Amino acid sequence: MRIHLHAFWLSLAAATTFASPTISADLSITCRCVEGGVNSELAAWVKKSVIPGFTKMKGDGVKVTLTEFAGSDEQLTQQLALDFSTGAGPDVAGFDGFLIPSFVEGGLLKPLDELAGDAVTKWDGWSHITEGSKALMSYQGKAYGLSLGTDVRVIFVRADLLKEAGIDPASWQPKSWADLLDTARKLKAKKPDSFPLQINAGVPMGEATTMQGYWMALLGTGEEVTDDKGRYIVSSQGILDTLNLYKTVYVDEKLGDQRAQLLGDGRNRTFANFRDGKTALLLESDWFYRSVTASDSEFAVENRDEVMTWAKMPAKEPGKGIRGQDFVTISGGTGFVLNPNSDEKELAWELLAFMNSKEQLAEFQKYEPRIRIRDDVEIAEAPFLAETSQALLPLTTARPNDAKYNAVSAEVQRMTEAVVSGELSPEQAMSRYREAVIRIVGEENTVSLL
Amino acid sequence: MKSFSLLSRGTGVAFLAPAGLLIGAFVIAPFFWVIFVSFTNRSLLGRTAVDPDFVGLANYFSLFDAATFFTRGEFGSSLILTIEFVLLSAVVGQAALGMLLAWLLQSVPKSLKHLTETVAIGAWILPEVVIAFAWFAFLDYENGTLNMIMEALGFPPGDWLLSFPFWAIVVFNTWRGTAFSMMLFNSAFSSIPPSYFQAADVAGASSWQKFRDIGLPLIRGHVVTDLILITMWSFNVFTPFLLTSGGPSYRTEILPIYTYRIAFRDFDFGKGAAVGVVVMLINLVFALFYLWVMRRRAKGVAA
């Protein structure tokens, strides 16, 4: 009798499951975020706020899981590219905006409105997002995802180390590369086994090399990666100056930690160097402040608000930067996209929209204060963010919105690695870069300025 | 001549069909697919992912371009590196060291022989990832075991993975694969009748003379088999990636890692496929040579 009852309940349960397939649905989110690890705040927000909130709104039938991806940005890109091309992958994926053109041209992403229809066009959030913020995750006028916000790049400074070397950190602001190198030399003389300056180079750091290192120097020479007609610059004085700066820092004077540029986990080593007081001047995105050195992180800096300040990155010489500027910076944007292969496209959009609702973004401010893309989300009480964005947003630049940029950027990383490892001279490295970029984009899309 | 059969011809074919279909779908079809892709500029990202062009032999020309052939990070340099890697780690390292160990094991007490075998087999059966991490910890600059030993002995520490990356993967592969050669040669030596050696002992032969005049000639066939197998394995081994990722600056980018980078990091499937085809051809030469030797052995020519 008992057994019969069991069978009855089981078959009833089975019947309900089959009879109502539309009620239950599984959604998955992947991002490079690990609680207690990289982007810890993002993981915590998704797990503690987004997922409970969304399941509460949709009822028990909907189950959302977060996959915390612990690898590098490049590994996540690789995973998503292969997943999306084979019909696999998460429904909602963390994504760096600069990859959108190459993914779109490869047929691996679809515009949001094409995936989820009217619900997207009618979303009330759009009216609170500026065109500029929308563009961070768009290509050719179509939105493929929603960005979490934009960023700027600065020199992070260890005030305590500057003081030890007799420099006043409050007024320290280099006006040229020579100023920057002078300070680094003073610090090096004070502590010969330290690596006072960190400008990212090399292949292992991936896009962080191009964005935080190469661009920040190149913009200071008055050039960009492309010219004003969108042609890739493959040989120029600006590239040579930039590579020579790298050579001075890593090869000739050992002002920076050469090993960290060449090792697989190099970027983390640069963070550890800063935390441990081996590096005093480090070029990074404001993400470094928001997330890397935040109090619960692996690279948290003790007494952060006393020992850590920031300065603007100077042009090579005053007035020689891009658009004649004295100081330079560059911005990017990361956010989330929808997987075009998702079985639950409408639901996935609802989740993405929910993540970007006013309430959820306001909640996110408690985990990680920053400037959000919605104008109706209050700006967090964070003097650092207010100051940097005020000083730098008017000076900023963005990467070319081009499907080939990703491949060219990889060549930039190879070029810098060849120089900082001492393998090639700046001239040789540039000539190899020239050949590689011509292979990627075709000679007609390149220009030589020398 | 009438052949013996358990099943009728039709039934036999029917039983083989599922396996044949699977092999067709997962081995033969991809084989031709790779050859086809190698003639296109197909990629994973960008326009050529959706709409690849037929580029003829362009991918092959770029692999064998004389201007860049020897540049580090290009195909030719990677090929030369791989040949050096195979010669040093497989032929000199695994085979010669394995031979030496196997010969020494013939004359040591049984217990020591068993212990050595256990350790060597342990090195051989552990998962690659575990081994790679163990080696990584061993060679690390700041906290590595090797540098602790060096410092304890009064030597300066070395930055092994950055200063000597190629030697690091050579030693790694030698360590990893010596067990196989040792076991193969060990059993080969054991199959030689003891009376041969006893007679040599009576004649007053040294160990080297016994090895040169009795041991080696009698196991020549095994040596050839061993060399071909470990050459093929080392030629295709990917594990050094876990140790150095092919770096720094391509200095450990042997062909399997090179192929992986072109196809799955740069997403250049066309060129990656062309490399794959060339590697397949090289392997085919190894395999044909191996089959030829086996046939000679089967006919009793070489054994």
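All of these numbers come straight from a predicted model, not from anything done at the bench.

Within chain B one finds 15 helices and zero strands. Structurally, chain B occupies a C-alpha span of about 75 × 75 × 35 Å along its principal axes. Taking as baseline every contact in chain B between residues at least 6 positions apart, the subset at least 24 positions apart corresponds to 68%. Total accessible area on chain B stands at roughly 16,800 Å², and carbon and sulfur atoms take up 73% of it. With 19 positive and 17 negative side-chain charges, chain B shows a spacing of 16 Å between the two charge centroids.

When its secondary structure is counted, chain A shows 20 helices and 15 strands. Taken against the 2.2 N^0.38 rule, which gives 22 Å for 450 residues, the C-alpha radius of gyration of chain A at 24 Å falls within 12% of a compact globule. Viewed in the frame of its principal axes, chain A has a C-alpha envelope of about 85 × 55 × 45 Å. The buried share of chain A, reckoned over its 450 residues, is 58%.

To continue, consider the domain arrangement of chain A. Residues and elements named next belong to chain A. In terms of domains, chain A is made up of domain 1 (24-150 + 332-395) and domain 2 (153-331 + 400-448). Each side of the interface is counted separately: domain 1 has 26 residues, and domain 2 has 28 residues. Counting each side, the surface lost to burial between domain 1 and domain 2 is near 2,300 Å², with a carbon and sulfur contribution of 57%. On the domain 1 side of the contact with domain 2, Phe98, Phe384 and Leu395 bury the most area, a combined 29% of that side's loss.

Here we take up the interface of chain B and chain A. Between chain B and chain A, the residue contacts involve 25 residues of the former and 23 residues of the latter. Per-residue buried area on chain B facing chain A is highest for Leu44, Leu45 and Leu162 of chain B; these three make up 24% of the total on that side. Counting the contacts that link chain B with chain A gives twelve residue pairs in polar contact (both at pLDDT 80 or more). Within the residue set of the side of chain B that touches chain A, elements represented by two or more residues are helix H2 (47-50) and helix H14 (255-265) of chain B. The leading source of residues in the side of chain B that touches chain A is H14 of chain B, at four residues. Grouping the constituent residues of the side of chain B that touches chain A by class yields eleven nonpolar, four polar and ten charged.

UniProt feature "domain: ABC transmembrane type-1" (unreviewed entry): in the numbering of this structure it lies at residues 80-290 of chain B. Taken end to end, residues 80-290 of chain B has its terminal C-alpha atoms 22 Å apart, with 80% of it in helix and 0% in strand.

Moving on: the UniProt feature "transmembrane region" (unreviewed entry) in chain B. In the numbering used here, UniProt assigns the "transmembrane region" (unreviewed entry) feature to residues 12-36, 79-105, 117-138, 158-175 and 273-293 of chain B. Secondary structure over residues 79-105 of chain B splits into 100% helix and 0% strand, and the C-alpha atoms at its two ends are 36 Å apart.

Moving on, we get to the sheet that holds strand S14 (residues 333-338) of chain A. Residue and element names in this part refer to chain A. Ordered by their spatial adjacency, five strands build an open sheet running S2-S1-S3-S14-S6, and the pairing between neighbours is mixed. Every other strand in the sheet has two partners, leaving strand S2 (62-68) and strand S6 (145-150) as the edge strands with one partner each. For this sheet, the mean angle separating the axes of adjacent strands, direction not counted, is 20 degrees. In this fold helix H16 (residues 345-355) packs onto strand S1 (25-31), S2, strand S3 (92-96), S6 and S14, with an angle of close to 155 degrees to the strand it touches most, S14.

Quick look at the sheet that holds strand S7 (residues 153-158) of chain A now. Sheets are built from strands paired through backbone hydrogen bonds, the pairs being either parallel or antiparallel. Residues and elements named next belong to chain A. An order of S8-S10-S7-S11 is seen for the four strands of this open sheet, with the pairing classed as mixed. Single-partner strands in this sheet number two, and they are strand S8 (197-198) and strand S11 (308-311). The sheet contact formed by S7 and strand S10 (residues 281-285) spans five bridges and is antiparallel. Opposite Val154, over in S10, you have Glu284 as the bridge partner. Across the sheet, helix H9 (residues 177-190) lies against S7, S8 and S10, angled at about 130 degrees from S10, the strand it touches most.

Next up on the list: the side chain of Asp376 of chain A. Residues and elements named next belong to chain A. Mapped onto the elements of the fold, Asp376 is located in the loop between helix H17 (358-367) and helix H18 (383-392). A polar side-chain atom of Asp376 sits 2.9 Å from a polar atom in the side chain of Arg374. Excluding anything up to four places from it in sequence, Asp376 contacts His128 and Lys358.

Quick look at a nonpolar patch on the surface now. A surface patch of nonpolar side chains, about 730 Å² in accessible area, is lined by Leu22, Ile23, Phe26, Val27, Ile28, Phe31 and Phe32 of chain B. Looking at the element boundaries, Phe32 of chain B is found in helix H1 (residues 9-37).

Chain-level statistics for chain A give a pLDDT mean of 90 and a share of 95% at 70 or above. Scored below 50 in pLDDT, residues 15-21 of chain A shows zero contacts in the model against residues more than four places distant or in partner chains.

Interpretation of this model should avoid reading the predicted coordinates in detail wherever pLDDT is low. All names here are of chain B. For chain B, the mean per-residue pLDDT works out to 88, and 97% of the residues sit at or above 70. When mean pLDDT is compared element by element in chain B, H14 scores highest at 93, while helix H5 (residues 110-125) scores lowest at 84. Listed scores for the predicted complex are pTM 0.85 and ipTM 0.82.

Residues and elements named next belong to chain A. Looking at where Leu449 falls in the secondary structure, it is placed in the segment after strand S15 (446-448). For Leu449 and Gln237, which are 212 residues apart along the polypeptide, the C-alpha to C-alpha distance reads 7.5 Å. Excluding its chain neighbours within four sequence positions, the residues that come into contact with Leu449 are Glu223, Ile233, Ser235 and Ser236.

On to helix H11 (residues 207-218) of chain B, then. All names here are of chain B. Between its terminal C-alpha atoms H11 stretches 15 Å, which fits the 16 Å expected from twelve residues at 1.5 Å a residue. When H11 is considered as a whole, its buried residues turn out to be Lys210, Phe211, Ile214 and Gly215. Along the axis of H11, the buried residues cluster in a sector spanning 125 degrees; they form a single face. Along its buried surface, H11 packs onto helix H4 (75-105), helix H9 (165-190) and helix H10 (194-202).

Right, let's get into the pattern of salt bridges. Two side chains with opposite charge may pair up if their charged atoms get near one another. Residue and element names in this part refer to chain A. Considering all chains together, one arrives at 40 salt bridges over all chains under this definition. Residues Lys47 and Glu68 are paired through a salt bridge, measuring 3.0 Å at the closest nitrogen-oxygen approach. You can see Lys47 sitting in helix H2 (residues 40-58) and its partner Glu68 sitting in strand S2, a full 21 residues away along the chain. Taking relative accessible area as the criterion, Lys47 reaches 33% and is therefore assigned partly exposed. The class of Glu68 is partly exposed, set by a relative accessible area of 29%. In this structure, Arg399 engages Glu207 in a salt bridge whose closest nitrogen and oxygen atoms are separated by 2.8 Å. Residue Arg399 is located in the loop between H18 and helix H19 (405-420), and its partner Glu207 is located in helix H10 (residues 207-218); the two are separated by 192 residues in the primary sequence.

This part covers the environment of Gly324 of chain A. When you line up the elements, Gly324 of chain A lands in the loop between strand S12 (313-314) and strand S13 (327-328). Spatially, the C-alpha atoms of Gly324 of chain A and Gly222 of chain A are 7.0 Å apart, while their sequence positions differ by 102 residues.

By relative accessible area, which is 8% here, Glu207 of chain A ends up buried. In this structure the side chain of Glu207 of chain A is engaged in a polar contact, spanning 2.5 Å, whose partner is the side chain of Ser409 of chain A.

Another aspect to go through is the packing of H14 of chain B against helix H15 (residues 269-298) of chain B. A pair of packed helices is captured by two measures, namely the crossing angle of their axes and the spacing between those axes. Residue and element names in this part refer to chain B. Look at H14 against H15: their axes get within 7 Å of each other, and the N-to-C directions meet at 155 degrees. The orientation of H14 relative to H15 falls into the category roughly antiparallel. Pair H14 / H15 crosses with left-handed handedness. On H15, the residues touching Leu255, Tyr258, Thr259, Ile262, Ala263 and Phe264 of H14 are Phe269, Lys271, Gly272, Val275, Gly276 and Val279. Considering only residue class, the contact of H14 with H15 consists of eight nonpolar, three polar and one charged.

Rules of the game
- Residues numbered from 1 in each chain as written.
- Chains lettered and ligands numbered in written order.
- Predicted model: local features only at pLDDT ≥ 70, side-chain atom pairs only at ≥ 80, totals over all residues.
- Heavy atoms only, no water.
- Helix = DSSP H or I, 4+ residues; strand = E, 2+ residues; numbered from the N terminus.
- Contact = heavy atoms within 4.5 Å.
- Areas by Shrake-Rupley, 256 points an atom, 1.4 Å probe, with all protein chains shown as cover.
- Lys, Arg positive; Asp, Glu negative; His and termini not counted.
- Charge placed at Lys NZ, Arg CZ, Asp CG, Glu CD.
- Rg over C-alpha atoms; globule rule 2.2 N^0.38 Å.
- Buried < 20%, exposed > 50% of the residue type's maximum accessible area, 1.4 Å probe, protein only.
- Domains from an automatic or database assignment.
- Buried area = accessible area lost by both parts, 1.4 Å probe.
- Polar contact = N/O pair within 3.5 Å; in protein donor to acceptor, adjacent residues only side chain to side chain.
- Nonpolar A, V, L, I, M, F, W, Y, C, P; charged D, E, K, R; others polar.
- UniProt positions renumbered as here; feature names shortened; annotations may be inferred.
- Pairing = 2+ DSSP bridges.
- Axes fitted to C-alpha atoms, helices over the stretch in contact; angles between N-to-C directions.
- Patch = residues over 30% accessible without salt bridge, like charges linked within 9 Å, V, L, I, M, F, W, Y side chains within 5 Å.
- Salt bridge = Lys/Arg side-chain N within 4 Å of Asp/Glu carboxyl O.
- pLDDT = per-residue confidence, 0-100.
- Expected span 1.5 Å × (residues − 1).
- Arc of directions from axis to C-beta.
- Parallel < 35°, antiparallel > 145°, perpendicular 65-115°, else oblique.
- Left-handed = near helix turned anticlockwise from the far one by under 90°.

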